[in-house]
Amino acid sequence: MTLRDLIERKRDGGAITGAEWHAFARDVASGKLPDYQVSALLMAIYFRGLSSGETAALTEAMLRSGSTLGVGHLKVGRVDKHSTGGVGDKVSLVLAPLVAACGAAVPMVSGRGLGHTGGTLDKLESIPGFSTRLTLAAAATQVERVGCVIMGQTGEIAPADRKLYALRDATGTVASIPLIAASIMSKKLAEGLTGLVLDVKTGAGSFLQRLDDELRAAQEMIALGLLHRCPVVALLTNMDSPLGVACGNANEVEEAIATLKGGGPADLRELTLRLGAEMLVLGSAAADLTSARAQLEAAIEGGAGLEKLREVIEAQGGNPSTCDAPERVLPQPEVREAYAAPRDGVVQRVEPRAIGLGVTAMGGGRTTMEDRVDPAVGFLITARPGDTVRRGAPLATILARDAAGAALGRAALDGAIVIGDHPVVPLPLVSHRVTVAGVERLA
Ligand code: URA
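Cut-offs applied
Residues numbered from 1 in each chain as written. Predicted model: local features only at pLDDT ≥ 70, side-chain atom pairs only at ≥ 80, totals over all residues. Heavy atoms only, no water. Axes fitted to C-alpha atoms, helices over the stretch in contact; angles between N-to-C directions. Helix = DSSP H or I, 4+ residues; strand = E, 2+ residues; numbered from the N terminus. Parallel < 35°, antiparallel > 145°, perpendicular 65-115°, else oblique. Left-handed = near helix turned anticlockwise from the far one by under 90°. Contact = heavy atoms within 4.5 Å. Nonpolar A, V, L, I, M, F, W, Y, C, P; charged D, E, K, R; others polar. Buried < 20%, exposed > 50% of the residue type's maximum accessible area, 1.4 Å probe, protein only. 1 Å grid on protein atoms, 1.4 Å probe; cavity = no way out; pocket = protein on both sides within 12 Å on 5 of 7 lines; lining within 4 Å. Points joined across faces, edges and corners; volume = space filled by probe spheres on them. Phe/Tyr/Trp six-rings, centres within 6.5 Å; stacked < 30°, edge-to-face > 60°. Lys NZ or Arg CZ within 6 Å of the ring centre and 35° of its normal. Near = heavy atom within 4 Å. Polar contact = N/O pair within 3.5 Å; in protein donor to acceptor, adjacent residues only side chain to side chain. Areas by Shrake-Rupley, 256 points an atom, 1.4 Å probe, with all protein chains shown as cover. Salt bridge = Lys/Arg side-chain N within 4 Å of Asp/Glu carboxyl O. Core = buried A, V, L, I, M, F, W, Y, C linked by side-chain atoms within 4.5 Å.

Participant: Help me understand the packing of helix α5 (residues 91-101) against helix α12 (residues 266-282), please; the structure alone is not making it clear to me.
Facilitator: When two helices pack together, their arrangement is given by the angle between the helix axes and by the axis-to-axis distance. Running from N to C, α5 and α12 point in directions that differ by 40 degrees, and their axes come no closer than 10 Å. Relative to α12, the element α5 lies oblique. The two elements α5 and α12 meet at a crossing, and its hand is right-handed. In this structure, α5 contributes Val 91, Val 94, Leu 95, Leu 98 and Val 99 to the contact, and α12 contributes Leu 268, Leu 271, Thr 272, Leu 275, Gly 276, Met 279 and Leu 280. Of the residues assigned to the contact of α5 with α12, the class counts are ten nonpolar, two polar and no charged.

Laid out in structure tokens, this is it:
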């Protein structure tokens, strides 16, 4: 069977067998197949979809195209969280050490920012010396010793997905639910997890945009987890405006540390507690969500979460005093400029996409994977949809490299923060909880 046969079969609505998916993933990973044919198959999948059996076989094949983290012998549960990507989303920086401090192991493979969304790895790399490039063997050792690692995808983890994701990005075939589910789950299952929590973003800054699609993506991933004895719980959470106040890189690390010290924005703390409670229950480190939440709160108030972050930073070569005085250790912007309300009114929208693209325009994000990120630039955005403001009231602070950067930041905020006259009811922070038992509407 040639790849051309598979393309034609999928183009005509037929199914590809498990053995064929395995051969395909193996040949994609080894670089044997021409990009134009692989891209044609991806486009056929985009239009024709995959059955649940095909999605499971593709996931398994991508997972088996690489190695897995050798942590199966650990006595504690191994849990992770995956977010579909947002703006100001620094949850992982708070959540991973906090959950590890409460007794579950957290082997976290994270991503970089692209387009309007930020990436955990870029944020962490604003910490002087911090390395996110670990081999699987080094990561397994760190999980055993520290209980937590936060690293990038290496060539060892689902290499077929790496190649397919790059082609999907270049061919407009990212937004396919079976391809998204197989891509995310092949990488997460390579971490050797006993439980996974999905943070599926909803609202203007989210990836899929339609609630039906978001629920379907969550359900596909829950089904894939079940096949691998990895229970998955998904929370649908608000990305209609940025999460927390800081949007950028170093400033998001500062905000994460403030949250681990018991401060930080209320939405960031609450979302971290909600996701963390699910992780502790899935990792058998708590009996139920209520006691899990109490454990997490105690780890914030008693400082165990911050100490765990310090251990992770130290283990990965970073400067541990970041935890004591982040503003002295982390890169700082040359220019700080206040941004004020242009008129009286009610904040209608704080557009996450425009804010994220503003960070990128100032140098704090990427338009290609090769771009370098300026860790010091970004925004501090205090305006929230529904706030009543007076003309001249502070809405945000622009953090820029120079005057030209500040002008780009101002232009982005002019488009992103919309003030009008109508009352606004913001979306709930967590709207749905999806498990193998079904969809629960929470708000
Ligand atoms: N993130 C991934 O890792 N894969 C996708 O397909 C989409 C988002």
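What follows picks up the thread again.
Participant: I tried to follow helix α16 (residues 352-361) on my own but got confused; where do I start?
Facilitator: Structural remark: α-helix, 3.6 residues per turn; residues separated by three or four positions point the same way. Those residues of α16 not exposed but buried are Pro 352, Ile 355, Gly 356, Gly 358, Val 359 and Thr 360. In this fold, the buried residues of α16 make contact with β6 (246-248), β8 (345-350), β9 (378-381) and α17 (403-416). Two residues or fewer past α16, Gly 363 is found with a positive phi of approximately 105 degrees.

Participant: I'm lost on the layout of surface pockets in this one. Help?
Facilitator: The method is simple in principle: a probe with the dimensions of a water molecule rolls over the atoms, and the space it marks as empty is what remains. Approximately 210 Å³ is the volume attributed to the second largest pocket. Asn 238, Ser 241, Pro 385, Pro 426 and Leu 427 are the residues nearest the centre of the second largest pocket, which is lined by 16 residues in total. Looking at the lining of the second largest pocket, the element that brings in the most residues is β8, giving three residues. For the lining of the second largest pocket, the class distribution of residues is nine nonpolar, three polar and four charged.

Participant: Mind showing me how you'd approach the packing of aromatic side chains here?
Facilitator: A full pass over the atoms with the stated rule returns two aromatic pairs. Between Trp 21 and Phe 24 the ring centres are 5.9 Å apart and the planes differ by 70 degrees, which places this aromatic pair in the edge-to-face class. Within this pair, Trp 21 and its partner Phe 24 are both found in helix α2 (residues 18-29), separated by three residues, close to a single helical turn. The pair formed by Trp 21 and Phe 24 is uniform in burial state, with each residue classed as buried. Their ring planes at 90 degrees and their centres at 5.2 Å tell us that Tyr 46 and Phe 47 sit as a pair that is edge-to-face. The class of Phe 47 is exposed, set by a relative accessible area of 64%. Positioned over the ring face of Tyr 165 is Lys 187, at 5.6 Å from the centre of the ring.

Participant: Any chance you could explain the site of the ligand here in plain terms?
Facilitator: Taken together, the neighbourhood of the ligand is formed by Tyr 165, Arg 168, Ile 180, Ser 183, Ile 184, Lys 187 and Phe 207. At 2.8 Å from an oxygen atom of the ligand is found a side-chain nitrogen or oxygen belonging to Arg 168. Starting from 240 Å² of accessible surface for the ligand in isolation, the protein chains cover 86%. Those elements giving two or more residues to the shell around the ligand turn out to be α8 (159-171) and α9 (177-189). The leading source of residues in the shell around the ligand is α9, at four residues.

Participant: How should unusual backbone geometry be read in this particular structure?
Facilitator: Trans peptide bonds make up the majority, and among non-glycine residues the majority have a negative phi. One non-glycine residue, Ala 158, adopts positive backbone phi at about 40 degrees. In this structure, Ala 158 sits in the loop between β3 (148-152) and α8. With phi around 75 degrees, Gln 209 is a residue other than glycine that occupies positive phi space. Inspection of the secondary structure assignment puts Gln 209 in the loop between β4 (195-202) and α10 (211-227). Take Gln 209: its relative accessible area is 43%, and that puts it in the partly exposed class.

Participant: Explain the pattern of salt bridges here, please?
Facilitator: Side-chain pairing between opposite charges can occur once the charged atoms of the two side chains come close. The full count for this structure, using the stated rule, is 35 salt bridges. Residue Arg 366 is joined to Asp 122 by a salt bridge in which the shortest nitrogen-to-oxygen separation is 2.9 Å. Pair noted here: Arg 366 is in the loop between α16 and β9 and Asp 122 is in helix α6 (residues 120-124), with a separation of 244 residues, a long-range link. By relative accessible area, which is 8% here, Asp 122 ends up buried. A salt bridge links Lys 123 to Glu 252; its shortest N-O distance comes to 2.9 Å. A residue pair is termed long-range when its members are at least 10 positions apart, and Lys 123 in helix α6 and Glu 252 in helix α11 (residues 250-260) qualify at 129 residues. Just as Lys 123 is buried, Glu 252 falls in that class too.

Participant: Got a minute to help me understand the nonpolar core in this structure?
Facilitator: A general trend in soluble globular proteins is that nonpolar side chains are found buried together. Counting residues in hydrophobic clusters, the biggest one holds 73 residues, and the most contacted among them are Val 99, Ile 355, Phe 379 and Leu 413. Non-local contacts of Val 99, meaning those with residues more than four positions away in its chain, are made with Val 79, Ala 104, Val 106, Gly 276, Met 279, Leu 280 and Leu 296. Formed by 39 residues, the second largest nonpolar core is a distinct cluster that contains Ala 139, Ala 158, Ile 180 and Ala 181.

Participant: Help me understand the packing of α9 against α10 in this model?
Facilitator: Where α9 contacts α10, the two axes come as close as 9 Å, and the packing angle between them is 45 degrees. Accordingly, the angle class assigned to the pair α9 and α10 is oblique. In terms of crossing hand, the pair formed by α9 and α10 is right-handed. Of the residues in α10, those touching α9 at Ile 177, Ala 181, Ala 182, Ile 184 and Met 185 are Asp 213, Arg 216, Ala 217, Glu 220, Met 221, Leu 224 and Gly 225. Of the residues in the contact of α9 with α10, the class split is eight nonpolar, one polar and three charged.

Participant: Can you walk me through empty space enclosed by the protein in this structure?
Facilitator: Taken as a whole, this structure holds three cavities of 30 Å³ or more when the rule is applied. In this structure, the largest cavity occupies an estimated 130 Å³ of space. Considering the residues around the largest cavity, the lining is formed by 21 residues, among which His 116, Thr 117, Gly 118, Val 359 and Gly 364 are closest to the centre. Broken down by secondary-structure element, the contributors of at least two residues to the lining of the largest cavity are α6, β6 and α16. Sort the elements by how many residues they give to the lining of the largest cavity and α16 lands first, with three residues. Of the residues in the lining of the largest cavity, the class split is four nonpolar, 13 polar and four charged.

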